[in-house]
Amino acid sequence: MKARRVAVTGMGVISPVGIGLDATWRAMLAGRSGIGAITCFDSTHMPCRIAGEAADFDPTAYQSARDARKMDRFMQLGIAAGVDAIRDAGFEVTDANAARIGVYIGSGIGGVNTIESTTKLLLERGPRRISPFYIPMSITNMISGNLSIMYGMKGPNLSMVTACSSGTHAIGEAGRLIEYGDADIMIAGGAEAPISPTAIAGFSAARALSLRNDAPAEASRPWDAGRDGFVVGEGAGVMVLEEYRHASRRGARIYAELSGFGMSGDAHHMTSPPPGGDGAARCMDNALRNAGLDPARIDYVNAHGTSTPLGDIAETLAIKRTFGAHAGNLAVSSNKSMIGHLLGAAGGVEAVMTAMSVYHQVIPPTINLTDPDPQCDLDFVPHHTRDAPVRGALSNSFGFGGTNGTLVFHAV
């Protein structure tokens, strides 16, 4: 059958710089950093003591306190972004359409806070103290499960776990379910709450994190010569994807069209990309092929841009390989310079910000880029927001295990 078009009709975000889509977007355009000292646990003895916390988030603004207590924080964040996205899209779930509406929300780590605290409780007080909600509080697919129950959505009910590509892959696969007729509406994205002692200690042990504890707002600095690792952040980004004609018939606002999705594997290393960015380049190539777009039709790349020494160079080389001579005409920026790396939620939040760039024709900056690495020599939109035509845009996510995802959005 002929693939159907996919529109973005609703979006929700919880991030270190804002609670809600408008607050996050305004903060991004202002170039505001959401990185600060860790407050949710005592990090005194940690090598890395900074993170991007969604400090003002209140789960009871989105669900009852009783229901929220049965969920790990990553679920609370994902539910909140999903509720906001559904409200933003303005559709109603009915008996007539429920089977055509589904949910596909991923997470890279899932309920690490609940797993950590329950393990401690087990060791200190024994198995009788374990909550009967422990398992459903921890497992990754329960954002989709709980959201579908809240609204009575009876279509595809799925989750995605592909490390830092989880949100991107969830959105891309949800779009394909619409393209090929399995659903008319999908709520898709990613959520993560990884600011816990074991997660921070684990990433620190891998020497992946920035150690700029004395200057947290300057710690995430993609493509800068002084970058020394990424900063962990928490949050969620969720989109409502809708079959284009379905959206048009009900008069929905369309932010952008999700026109392409690509994937690839590096087959190289557990955590490091291949030096020339081969996997990332093939991923972008696949996304553009799926969209049926010439690379010259792309004006903006919302990069993975993690602020790691190897990753930033590899992505720069990958963009040059995919876009050739057009790479010099691209605007490229990294939301992570402001919010840190939200792991499985990164692709969800960054897809939302990419669609906002297409809708508003504005590109958020890369902050903290004061001394560009000579090997990273593209137009990274340093310091200041840019008004610019954005006909088409890519959003990249690359994860541990060599898994890659790229989404293509274009203006309607």
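Rules used throughout
- Residues numbered from 1 in each chain as written.
- Predicted model: local features only at pLDDT ≥ 70, side-chain atom pairs only at ≥ 80, totals over all residues.
- Heavy atoms only, no water.
- Helix = DSSP H or I, 4+ residues; strand = E, 2+ residues; numbered from the N terminus.
- Buried < 20%, exposed > 50% of the residue type's maximum accessible area, 1.4 Å probe, protein only.
- Contact = heavy atoms within 4.5 Å.
- Axes fitted to C-alpha atoms, helices over the stretch in contact; angles between N-to-C directions.
- Parallel < 35°, antiparallel > 145°, perpendicular 65-115°, else oblique.
- Left-handed = near helix turned anticlockwise from the far one by under 90°.
- Salt bridge = Lys/Arg side-chain N within 4 Å of Asp/Glu carboxyl O.
- Expected span 1.5 Å × (residues − 1).
- Arc of directions from axis to C-beta.
- Polar contact = N/O pair within 3.5 Å; in protein donor to acceptor, adjacent residues only side chain to side chain.
- Phe/Tyr/Trp six-rings, centres within 6.5 Å; stacked < 30°, edge-to-face > 60°.
- Lys NZ or Arg CZ within 6 Å of the ring centre and 35° of its normal.
- Pairing = 2+ DSSP bridges.
- Disulfide = S-S within 2.5 Å.

Focus on the side chain of Asn 335
Relative to the assigned elements, Asn 335 resides in the loop between β11 (331–333) and α12 (336–339). Exposure remark for Asn 335: the relative accessible area of 0% places this residue in the buried category. Those residues within four positions of Asn 335 in sequence are excluded, and the remaining contacts are Met 28, Tyr 300, Asn 302, Glu 350, Met 353 and Pro 364.

Considerations on the packing of helix α10 (residues 278–291) against helix α11 (residues 309–323)
It is at 8 Å that the axes of α10 and α11 come closest, and there the two elements cross at 40 degrees. For the element pair α10 / α11, the angle class is oblique. As α10 packs across α11, the resulting crossing turns out to be right-handed. On α11, the residues that touch Asp 278, Ala 280, Ala 281, Arg 282, Met 284, Asp 285 and Leu 288 of α10 are Ala 318, Ile 319, Arg 321, Thr 322 and Phe 323.

Focus: unusual backbone geometry
One non-glycine residue, Leu 343, lies in the positive phi region at around 55 degrees. Within the fold, Leu 343 resides in the loop between α12 and α13 (346–360). For Leu 343, a relative accessible area of 2% corresponds to the buried category. For Val 381, which is not glycine, the phi torsion reads 50 degrees and is therefore positive. Mapped onto the elements, Val 381 comes out in the loop between β12 (362–363) and β13 (386–387).

Things to note about the pattern of salt bridges
Scanning the model with the defined rule gives 17 salt bridges in all. Ionic pairing is found between Arg 227 and Asp 373, a salt bridge with its closest N-O pair at 3.0 Å. A residue pair is termed long-range when its members are at least 10 positions apart, and Arg 227 in the loop between α8 (197–205) and β8 (235–243) and Asp 373 in the loop between β12 and β13 qualify at 146 residues. As far as burial versus exposure is concerned, Arg 227 and Asp 373 are alike and both buried. Because the salt bridges share partners, they merge into one network encompassing Arg 4, Arg 100 and Asp 184.

Points about helix α4 (residues 112–125)
Under the 1.5 Å per step criterion, the end-to-end length of α4 is 20 Å for 14 residues, consistent within 8% with the ideal 20 Å. Within α4, the full set of buried residues consists of Val 112, Thr 114 and Thr 118. Buried positions in α4, seen along its axis, are confined to an arc of 155 degrees and lie on one side of it. When the buried face of α4 is taken as reference, the exposed residues oriented beyond 90 degrees from it are Lys 120, Leu 123 and Glu 124.

Structural notes on the side chain of Thr 306
Looking at the element boundaries, Thr 306 is found in the loop between β10 (300–302) and α11. Here Thr 308 takes part through its side chain, which lies 3.0 Å from a polar atom of the side chain of Thr 306. With sequence-adjacent residues up to four places away left out, Thr 306 is seen in contact with Gly 229, Phe 230, Asp 312, Lys 336 and His 341.

Observations concerning the packing of aromatic side chains
Any two aromatic rings considered together are summarised by their centre-to-centre distance and by the angle between their planes. Summed over the entire model, instances satisfying the criterion amount to five aromatic pairs. With a centroid separation of 5.0 Å and 70 degrees between ring planes, the pair formed by Tyr 255 and Tyr 359 is classed as edge-to-face. Here Tyr 359 lies in helix α13 and Tyr 255 lies in the loop between α9 (244–249) and β9 (256–265), a separation of 104 residues in the sequence. A relative accessible area of 5% means that Tyr 255 is categorised as buried. Taken together through their ring pairs, the aromatic side chains of Phe 203, Phe 230 and Phe 400 make up a single cluster. Lying over the aromatic face of Tyr 244, Arg 5 brings its terminal NZ or CZ to 3.9 Å of the ring centre.

Focus on the pairing of strand β14 (residues 392–399)
With eight of eight residues buried, β14 lies mostly within the body of the structure. Along β14, one buried face is formed by Gly 392, Leu 394, Asn 396 and Phe 398 and the opposite face, lined by Ala 393, Ser 395, Ser 397 and Gly 399, is buried too. Across three bridges, the pairing between β10 and β14 is parallel. The residue of β14 that forms the bridge with Val 301 is Leu 394. Looking at chain direction, β14 and strand β15 (residues 403–410) are connected through eight bridges and run antiparallel. Of the residues in β15, the one forming a bridge with Ala 393 is Phe 409. A loop of three residues connects β14 with β15, the two strands running antiparallel in sequence, and Gly 401 in this loop sits at a positive phi of about 90 degrees.

Notes on the pairing of strand β5 (residues 101–106)
For β5, the tally of buried residues reaches six of six residues, placing the bulk of the element in the interior. Side chains Ile 101, Val 103 and Ile 105 of β5 all project onto a buried face; the interleaved residues Gly 102, Tyr 104 and Gly 106 project onto the opposite face, where all are buried too. Taken together, the six bridges between β5 and strand β7 (residues 185–192) define a ladder with parallel strand orientation. Among the inter-strand pairings, Gly 102 is bridged to a residue of β7, identified as Met 186.

Remarks on the state of the cysteines
Counted by the stated rule, this structure contains zero disulfides. Cys 164 provides the cysteine sulfur closest to Cys 283, a residue in no disulfide bond, and the two sulfurs are 14 Å apart. Using a relative accessible area of 0% as the deciding quantity, one classes Cys 283 as buried. Of all cysteine sulfurs, the one in Cys 164 lies closest to Cys 376, which takes part in no disulfide; the gap is 18 Å. For Cys 376, a relative accessible area of 3% puts it in the buried group.

By themselves these figures say nothing about function.
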